[in-house]
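# Report on the structure
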Amino acid sequence: MKAYNIEVLPQSVSEEGPRGGGWCFGLPPGIVEEQWPLDANTGYPLQHGFTLLLPPEYRGFGPDIVALSFFGSAHDEDEGRVGEIAALVADADAKEPSDSDLYPFWMSERLSHPRLYRIADFLGRSHAVILLTEAEFNAPFCQPPRLRPNKYRDRIRRPEWLARGAAAVYLDDQTENYGLLQMLGNTDHADLFYNRALDVTPRAEDPNAGIAPRDEWAAAETGYQAFYYWEGDEVEEENYREHAWAVDHLPDHIGGSMRPAQNIPDISPYYIEFEEYLGGFNFGGGNAWLDLQTMSFDWAQ
């Protein structure tokens, strides 16, 4: 069992070229317009965050499933909610609505991808995962569904990423982050296709690969080791140290040692931990995790 770093590369993945370890921002592959998941709260298309090729150890969905696409609430999501849409999406057995403006949301659920997982975070914001076969991972990119006037959805401000692309919108709030600017490049002319390639590589050493993460005070039962320690066992800021084996660990990763913004959640060994910039989300300055065993998702700031 190994843990894997996810590195954002300063180049794009083209629709015609090799897909590598995947990409963040841009468009998802292997689905059609009708299968793009809609935000259960607003009715707008969810923002594609990343498409990731999973290492063999983390392909627990069957031999044909090799990758996934993660979608989330837009970085600039309006705080409003459309109760009629949310209720319709939440009810899998809902009858066909007589209201023509609710019909597209009802139909979207009936046409959804067969391996779509809908997830809500602790704020009730909408997210989704689509599991992909190898053929779908290498298939053409899908553009968001075309939107027609709708009296329910149009109550909410249209997400800006639909016009300019997710990377450009995210960088609007990150102008002082030089490292991020270097990584994402010039987005002045970005569009919906603009993405950044991902490289997925094994960590040289991670004693926690294959072990469910646990907080320091509860880890003794499982053998999970915190990536840090306190010099002389004195819990003071100046005594904080990180183990040598954690030196090459990137913040975006699959399995192994976790670095959550708050306490470690109840999570399996098969998970992805990622930062806001891996797709341009708003986690309050914190980071998120997706459990690949339970298909649960959340974040902390």
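Structure's up top.
Residues numbered from 1 in each chain as written. Predicted model: local features only at pLDDT ≥ 70, side-chain atom pairs only at ≥ 80, totals over all residues. Heavy atoms only, no water.

Attention now moves to unusual backbone geometry. Although it is not a glycine, Phe-25 sits at a positive phi angle of roughly 60°. Here Phe-25 is to be found in strand β2 (residues 22–25). Accessibility expressed as a relative area gives 0% for Phe-25, which makes it buried. Of note, the phi angle at Asp-233 is positive, near 60°, even though the residue is not glycine. (Helix = DSSP H or I, 4+ residues; strand = E, 2+ residues; numbered from the N terminus. Buried < 20%, exposed > 50% of the residue type's maximum accessible area, 1.4 Å probe, protein only.)

A surface patch of negative charge is lined by Asp-233, Glu-234, Glu-236, Glu-237 and Glu-238. Following the sequence through the fold, Asp-233 ends up in the loop between β8 (228–230) and β9 (240–242). (Patch = residues over 30% accessible without salt bridge, like charges linked within 9 Å, V, L, I, M, F, W, Y side chains within 5 Å. Areas by Shrake-Rupley, 256 points an atom, 1.4 Å probe, with all protein chains shown as cover. Salt bridge = Lys/Arg side-chain N within 4 Å of Asp/Glu carboxyl O. Lys, Arg positive; Asp, Glu negative; His and termini not counted. Charge placed at Lys NZ, Arg CZ, Asp CG, Glu CD.)

The final tally for this structure, using the stated rule, is 23 aromatic pairs. Note on Phe-227 and Tyr-228: the rings are 5.2 Å apart at their centroids and 80° apart in plane angle, and the pair reads as edge-to-face. Among the residues examined, Tyr-228 registers a relative accessible area of 22% and is labelled partly exposed. Three or more aromatic residues joined by ring pairs make a cluster, and in this case those are Phe-50, Phe-70, Phe-122, Phe-274, Phe-281, Phe-283, Phe-297 and Trp-299. Over the ring of Tyr-44 we find Arg-153, and its NZ or CZ is 5.5 Å from the ring centre. The residue whose ring lies beneath Arg-259 is Phe-227, and the NZ or CZ to ring-centre distance is 3.9 Å. (Phe/Tyr/Trp six-rings, centres within 6.5 Å; stacked < 30°, edge-to-face > 60°. Lys NZ or Arg CZ within 6 Å of the ring centre and 35° of its normal.)

What follows is about the environment of Asp-199. Position of Asp-199 relative to the elements: it lies in strand β7 (residues 195–202). When neighbours within four sequence positions are excluded, Asp-199 is seen to be in contact with Asn-5, Ile-6, Glu-7 and Leu-9. (Contact = heavy atoms within 4.5 Å.)

A few words now on the pairing of strand β12 (residues 287–291). Extensive coverage of β12 is indicated by the burial of 5 of its 5 residues. Sheet topology note: the strand β11 (residues 271–275)/β12 ladder contains 5 bridges and is antiparallel. Pairing of Ile-272 across the sheet is with Leu-290, part of β12. Note: β12 against strand β13 (residues 296–300), 5 bridges, orientation antiparallel. Considered in β13, the bridge of Asp-291 is made with Ser-296. Counting the residues between successive antiparallel strands, the hairpin from β12 to β13 contains 4 residues, one of them, Met-295, with a positive phi of roughly 55°. (Pairing = 2+ DSSP bridges.)

In short, the description is geometric, and any link to function would need to be established separately.
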